[in-house]
Amino acid sequence: MSTVRLPFEWAVGGKPPGSGDDYRILACSQGLLSRDDFEDIRTVYTIGTPEELPQVVIAWVGSGDDAHLVLAIQSWSDEEDRRHRRIARTHYFCLPYAHIAQPAFPVSYEDLHQALGGVLLPTERQLVVSVPELDSGAVAARIDRTAIYAAALLMTGQHVCVVGGEAVPMIERLRFLDTVAALLPYGMRARLTASTWASSTADHKIRLAFTQHVPAGTYPVVWGRPAEIPDREEDAYRYLTLLARHDPDADLVGWLASRTEPLTFGKNGRARALDLLRGFRPSPPALMPPPVSPRAQDSVEGLLTECADVLERGGTAEIRDVLERLGDVVSSRGVAISDDERALYQKIIRDRRLLPPKDGLPEELRAYLLAVVQMAGHGPPAPSAPRADEVVREVAPPVRVSTTAIVHRPSPDPVASMKTAHDQGREELEEILRPLQTRDLVAMAARQPYDMRVMEIACDELVRRGGGDAEDHQIAEALREHGYLADAISGLHPAGDQVRFERLYRLLRAAYGQEFGPKQFEEVVRSSGWQSAPLFATAAFLFGKGAGDALKKSAINLVRDSGLDRKVIEEIERSLLESESGVGHLIAADPPRKERRQWFGRGRRGKRAEYAVPPFTLYSVIVALMIIALVELFLLFPDF
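A. View of the overall build of the protein. Helix and strand counts for the protein come out as 29 helices and 13 strands. Across the 640 residues that make up the protein, the buried fraction comes to 47%. Considering only contacts in the protein between residues 6 or more positions apart, those separated by 24 or more positions represent 69%. Working note: accessible area of the protein is about 33,100 Å², and carbon and sulfur atoms make up 51% of it.

Here's what the structure looks like:
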């Protein structure tokens, strides 16, 4: 296999052994990119804190003649910081894009990683490394439906994440990223960012990454399965259709690798990528008959099945192309279709219910579907042939109009569909809730103006999905994004309403199960910004004994995140960690009002109230809030 020698600029990221400093660039090469440039790269392409190392990040920097590919390899060192935590080292390698584009010397991400993984940094010499040229056959052998759909989703211009691949070795994840990139024109690598792992909550710039959960605003791909492409993403459907027609192989991978013109993932770049893929013409194999056109290779039964699959997943934008191919094949075969084949086609039409009215389709597409499917099952129209509506009555069993209207017709307002289904019964409601992702369900409940019925449905469904012994990360993350619905619940229930507490209690139990310890407590308290008293109190109730110490820890962490001068932060920490003696007068200065109904307790006139939460815990909450007031004072008067 031929190789190409490529020059790299480099940098090392980490922190000095035994120090308490933050991560930064420790050393770098003396070239076009300065230490500040590498610091910008380190900051922009952060992926959060990985639980496992090594990990690889692919990125870019610069534009035009200065465009560079970036490969960052993060691994553990043998060193520790001041707190005896292992220090991670990141090696950054930057390659001028022009060296692999003019002339075309395409290289794969995996080969770059193998060539650079053993390089010792820092080095005084200019870094020039031999890298094998891209092996299109080896890459094509790894192409599967998951990679094809992921490549198509990148044509949306949105970020794409791969979930369910936590147990997959890092090198296999890197190969998958390579495979997806190989299904795009090579010039898009000048703007592609990808990572073998990225935090679901970090505000990163990675376009394609493996994550544990699906971040908001990101299209998901489940490892080992084809993805779902929303109907509105027409460019993605077109790209998917073109890839499927060409049956991606080494010829296509090699041809796309030779398209090195730099392209962005913006609208113009995606349009150019579609034009390039339309222009691909596979070479006929030597000493073989002329190739049959892709349309002629399609079978009627295969296209009928594909049509049913597309309709089941609601692929309105994709169905026209499938019907055009089906119509071409049926027309080309004509009278050559035997009676036995007709019987097979009719069985597929009947079993897959291709002829009942498709309420989710526009009228024009619906008529087109009926005409093409009828022609496949019964032949071309003739004076004695049954009409389409008669065929529908013949092969379509009765369906429940209400369920069809709700489930098969995409509603412009999913909240309205959910409320309508709730009125019709549990079975219809389950049909609506089943495909909803947890984050979408929580977002509906958080939509303003708040709706009591939607809140009830959402809370009941979240409790049904969670509530086990272990933490449900999807529910916890979705609730965290919307403040655990505390604002919505407070807006729907007046102060003192026991339902407010009960809803918050059930939601936290659904998210965290029985694992509501210090970590979960701090997560709830910090994400709420200490602004929701009901949520704050519910978290304290769930935590139970020791909530006061947990509150103090959360306050200290909040101080550390405040952005104050380090000396000021250290002074505040010392104040917080001092003995609590002397603060009793602060509590006594503003005692809680004595009412007949206390927080989570029931008082009776003339009798002592029975508290479900110990008074010490509630007083600790008040102390923590006063600590936050001190923090705000330091923010307003930094020189105080």
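Now that the structure has been shown, the text picks up again.
B. Structural detail: the pattern of salt bridges. Applying the stated rule across the entire model yields 20 salt bridges. The closest approach of N and O atoms between K15 and D81, which form a salt bridge, is 3.1 Å. Taken together, the residues span a long stretch of sequence, with K15 in the loop between β1 (3-14) and β2 (24-28) and D81 in the loop between β4 (68-80) and β5 (86-96) at a distance of 66 residues. Pair check on accessibility: K15 and D81 agree, each one buried. Of the charged contacts in the structure, one is a salt bridge between R465 and E461, with a shortest N-O distance of 2.9 Å. Within this pair, R465 and its partner E461 are both found in helix α20 (residues 452-465), separated by 4 residues, close to a single helical turn.

C. Main features of the packing of helix α5 (residues 145-154) against helix α6 (residues 170-182). It is the contact of α5 with α6, at a shortest axis distance of 8 Å, that shows an interaxial angle of 60°. In terms of axis orientation, α5 runs oblique to α6. Relative to α6, the crossing made by α5 is right-handed. For the pair formed by α5 and α6, the contact residues are T146, A147, A150, A151 and L154 on the first element and F176, T179 and V180 on the second. Of the residues belonging to the contact of α5 with α6, the class tally is 6 nonpolar, 2 polar and no charged.

D. Local environment of helix α9 (residues 267-278). Under the 1.5 Å per step criterion, the end-to-end length of α9 is 17 Å for 12 residues, consistent within 8% with the ideal 16 Å. All of the buried residues in α9 are G269, R270, A273, L274, L276 and L277. Around the axis of α9, the buried residues are gathered within 160° of arc, so they sit on the same side. Turned more than 90 degrees away from the buried face of α9, the exposed residues are K267 and N268. The secondary structure elements touched by the buried residues of α9 are α5, α7 (234-246) and α8 (250-257).

E. Region of interest: the packing of aromatic side chains. With the rule as written, the count across this model stands at 4 aromatic pairs. On the basis of an interplanar angle of 75° and a centroid distance of 5.8 Å, the ring pair of F176 and F210 is categorised as edge-to-face. Here F176 is found in helix α6, whereas its partner F210 is found in strand β9 (residues 208-210), with 34 residues between them in sequence. Each ring, one from F210 and one from W223, has its centre 5.7 Å from the other, and the planes form 50°; the classification is tilted. In this pair, F210 sits in strand β9 while W223 sits in the loop between β10 (219-222) and α7, placing the two residues 13 residues apart along the sequence. Classification of F210 as buried rests on a relative accessible area of 3%. In this structure W223 comes out as partly exposed when scored by relative accessible area, which is 31%. Members of the aromatic cluster, connected to one another through ring pairs, are F176, F210 and W223. Positioned over the ring face of F210 is R173, at 6.0 Å from the centre of the ring.

F. Looking closely at the pairing of strand β3 (residues 55-61). β3 sits mainly inside the fold: 5 of its 7 residues count as buried. In this structure, β3 lies alongside β4, joined through 7 bridges in antiparallel fashion. Each residue of the ladder has a partner; that of A59, found in β4, is V70. Between β3 and the antiparallel strand that follows it, β4, lie 6 residues; G62 among them carries a positive phi value of about 80°. Sheet topology places β3 next to strand β8 (residues 194-195); 2 bridges connect them, and they run antiparallel. Each bridged residue has a counterpart across the sheet, and for V57 the counterpart in β8 is S195.

G. Highlighting unusual backbone geometry. Cis rather than trans, the peptide bond between L53 and P54 has omega equal to 10°. Note that the residue after L121, namely P122, is joined by a cis bond; omega there is 0°. Counting through the fold element by element, P122 comes out in the loop between α3 (109-116) and β6 (127-132). A positive phi angle, close to 65°, is found at H84, a residue other than glycine. Topologically, H84 is positioned in the loop between β4 and β5. Look at R353: it is not a glycine, yet its phi comes out positive at around 50°. Secondary-structure assignment places R353 in the loop between α13 (339-351) and α14 (363-378). Among the residues examined, R353 registers a relative accessible area of 36% and is labelled partly exposed.

Cut-offs and rules
Residues numbered from 1 in each chain as written. Predicted model: local features only at pLDDT ≥ 70, side-chain atom pairs only at ≥ 80, totals over all residues. Heavy atoms only, no water. Helix = DSSP H or I, 4+ residues; strand = E, 2+ residues; numbered from the N terminus. Buried < 20%, exposed > 50% of the residue type's maximum accessible area, 1.4 Å probe, protein only. Contact = heavy atoms within 4.5 Å. Areas by Shrake-Rupley, 256 points an atom, 1.4 Å probe, with all protein chains shown as cover. Salt bridge = Lys/Arg side-chain N within 4 Å of Asp/Glu carboxyl O. Axes fitted to C-alpha atoms, helices over the stretch in contact; angles between N-to-C directions. Parallel < 35°, antiparallel > 145°, perpendicular 65-115°, else oblique. Left-handed = near helix turned anticlockwise from the far one by under 90°. Nonpolar A, V, L, I, M, F, W, Y, C, P; charged D, E, K, R; others polar. Expected span 1.5 Å × (residues − 1). Arc of directions from axis to C-beta. Phe/Tyr/Trp six-rings, centres within 6.5 Å; stacked < 30°, edge-to-face > 60°. Lys NZ or Arg CZ within 6 Å of the ring centre and 35° of its normal. Pairing = 2+ DSSP bridges.

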